[in-house]
Amino acid sequence: MDRRERRRRLVVISVVAATAGAASVLTAYAATDRASKDATPGGHRPAASAPKAVSTGLPQTSPAESRQQAPGARKPKPRKDCGVNSKLVPSCGAYWGMYSVKGRTLTTSITDLEKRFGRRFDIVLRFHDFSNDPPGRFPDASEQELGRSRLLFFAWESKSYKSRTSYKWRDIAAGRYDSSIVVPAAKRVRAYGKKVFMSFDPEMDRHMTKGEMKGNEAEYVAAARHVHQVFQRAGVRNVVWAWTTTGSLGGDNAQRILKSYPGHAYTDWIGFDPYNFYQCHRAPWTSFEEEVGTPYRWLQQNGLGKKPFILPEFGTQFDSADPERSRQWYKSIPGLMARKFPNLKGLIRFNSGEECHVQLDNGPGMASAYGQAGKHPYLNPPR
């Protein structure tokens with residue numbers, strides 16, 4: 001056999017090591033009632049390009065794959081796990097997450113659901129306030145325990161849960177709370193070490209014309225940039241910043257959202273919170289595709305499609321008159337994600353909102369349909 005023939009027959013097997021993705025999760029003191037917010041459905045443009053995977057050197061083959069092969073047997077291709085880049089963007093599929101404080105402890109509120117659904121959540125969402133009280137000291141012991149194998153998403157609200165006081169964005173931007181709140185929080189997150197998601201005052205568009213009245217669009221932008229800068233000066237390099245709005249585009253809220261964007265340099269991910277509130281707000285029934293599609297396309301059409309999208313909250317009512325379409329709401333998610341929403345890289349189910357009946361267990365078969373959707377390979381790829 002000449003040299004050329006040997007070269008043609010040479011088989012090179014390359015194994016691409018997978019990224020195990022930073023694991024972390026968050027704490028849940030503020031089960032603030034989200035059912036009162038406005039609901040409007042939700043959007044397409046070229047999706048963001050797939051990020052380059054980061055190699056961790058972890059083995060990709062299962063024990064069965066690594067066993068001795070019979071002579072002459074074709075060796076199976078090594079499994080290629082999904083990696084994540086420096087901004088936690090997965091190279092394939094999407095994260096499947098949960099917010100829940102319904103358990104014996106903050107930890108078991110998540111792990112009990114994982115046992116029920118037969119899989120671990122990728123992300124856990126919890127809320128924190130602007131204080132040094134327990135709700136403001138994150139990550140706490142429960143979060144650190146969950147964070148060993150999950151990502152943490154901190155929703156950091158500029159208010160005190162204890163005193164029910166909201167802080168003005170102009171005061172935050174002026175540095176009034178730097179030494180007492182912002183810098184200590186930055187140091188705790190830096191000491192935690194693992195990568196985390198953080199959203200400063202999510203759904204800020206709800207707090208400008210009613211409710212907490214924290215300020216206007218320019219004041220929010222100044223406050224968000226200031227918090228980001230304080231974290232940078234404190235040497236924090238493990239925060240991935242998510243800018244989160246309601247996604248409601250009715251009236252003048254679309255322009256309010258655009259004016260509240262801090263800018264590309266201060267934003268890593270873009271989030272919005274779609275809900276099928278149905279009869280709660282005298283709204284018509286909307287499918288997952290309808291709720292997500294409108295804001296998805298709108299964000300891309302307005303120059304924000306190069307950032308990965310995430311749903312830090314989402315949920316649906318149960319229609320007792322048509323139970324199957326209620327369950328179909330969840331069943332449709334994996335296929336729609338792959339076909340129509342490739343830039344949507346994460347979803348976090350908000351397991352609360354009893355006032356509007358959008359909690360997870362709100363009808364026969366609903367939790368089961370949700371659990372099955374979460375086992376689909378697109379939402380549960382090897383990581």
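Because the structure is predicted, anything quoted here is derived from the model rather than measured.

Comments concerning the pairing of strand β11 (residues 344-350)
Inference 1: Counted residue by residue, β11 has 7 buried out of 7 residues, so it is predominantly covered.
Inference 2: Of the pairings in the sheet, the one linking strand β1 (residues 95-99) to β11 comprises 5 bridges and is parallel in character. The residue bridging Y99 from the neighbouring strand is F350, located in β11.
Inference 3: Bridge count for strand β10 (residues 309-316) against β11 is 3 bridges, and the pairing is parallel.

Remarks on the nonpolar core
Inference 1: Core analysis: the biggest nonpolar cluster contains 74 residues, and W156, F231, F288, F314, I333 and L347 have the highest contact counts within it.
Inference 2: Look past the residues within four positions of I333 in its chain and what remains in contact with it is W96, F288, F314, L347 and L379.
Inference 3: Grouped together as the second largest cluster of nonpolar side chains are 23 residues, I123, F197, I310 and F350 included.

Things to note about the confidence of the model for the protein chain
Inference 1: Looking at the protein chain, the pLDDT average stands at 84 and 79% of residues meet or exceed 70.
Inference 2: Predicted confidence is poor over residues 1-73, with pLDDT under 50, and the contacts of this stretch with residues over four places away or in other chains come to 187 contacts.

A look at the environment of F200
Inference 1: On the secondary structure map, F200 appears in strand β6 (residues 196-200).
Inference 2: Non-local contacts of F200, meaning those with residues more than four positions away in its chain, are made with F130, W156, S158, W169, I172, Y220, A223, A224, V227 and A242.

Quick word on the side chain of S199
Inference 1: Locating S199 in the fold gives a position in strand β6.
Inference 2: Since its relative accessible area comes to 0%, S199 is described here as buried.
Inference 3: Among all residues touching S199, those that are not within four sequence positions of it are F153, F154, A155, W156, A242 and T244.

A few points about the side chain of H207
Inference 1: As for its placement among the helices and strands, H207 is situated in the loop between β6 and α7 (217-233).
Inference 2: Looking at H207, the relative accessible area reads 4%, which means it is buried.
Inference 3: Beyond its immediate chain neighbours, meaning those up to four positions away, H207 contacts W169, P202, E212, M213, K214 and G215.

Quick look at the packing of helix α6 (residues 178-192) against α7
Inference 1: Orientation of α6 relative to α7, taken along the N-to-C sense of each, is 55°, at an axis distance of 9 Å. On the basis of the axis angle, α6 is oblique to α7. Two packed elements cross with a definite hand, and for α6 against α7 that hand is right-handed. Note on element contacts: α7 touches α6 through H226, V227, V230 and F231, opposite D178, V182, V183, A185, A186 and V189.
Inference 2: For the contact of α6 with α7, a count of residues per class yields 8 nonpolar, 1 polar and 1 charged.

Let's talk about the pattern of salt bridges
Inference 1: The full count for this structure, using the stated rule, is 17 salt bridges.
Inference 2: The partner of K102 in a salt bridge is E354, and the shortest N-O contact between them spans 2.1 Å. Of the two residues, K102 sits in the loop between β1 and α3 (108-117) while E354 sits in the loop between β11 and α12 (366-374), which places them 252 residues apart along the sequence.
Inference 3: By relative accessible area, K102 is classed as partly exposed at 41%.
Inference 4: Judged by its relative accessible area of 35%, E354 falls in the partly exposed class.
Inference 5: For the salt bridge of E212 with K159, the shortest nitrogen-to-oxygen distance reads 2.9 Å.

Each value, and the rule that gives it
- Residues numbered from 1 in each chain as written.
- Predicted model: local features only at pLDDT ≥ 70, side-chain atom pairs only at ≥ 80, totals over all residues.
- Heavy atoms only, no water.
- Buried < 20%, exposed > 50% of the residue type's maximum accessible area, 1.4 Å probe, protein only.
- Helix = DSSP H or I, 4+ residues; strand = E, 2+ residues; numbered from the N terminus.
- Pairing = 2+ DSSP bridges.
- Core = buried A, V, L, I, M, F, W, Y, C linked by side-chain atoms within 4.5 Å.
- Contact = heavy atoms within 4.5 Å.
- pLDDT = per-residue confidence, 0-100.
- Axes fitted to C-alpha atoms, helices over the stretch in contact; angles between N-to-C directions.
- Parallel < 35°, antiparallel > 145°, perpendicular 65-115°, else oblique.
- Left-handed = near helix turned anticlockwise from the far one by under 90°.
- Nonpolar A, V, L, I, M, F, W, Y, C, P; charged D, E, K, R; others polar.
- Salt bridge = Lys/Arg side-chain N within 4 Å of Asp/Glu carboxyl O.

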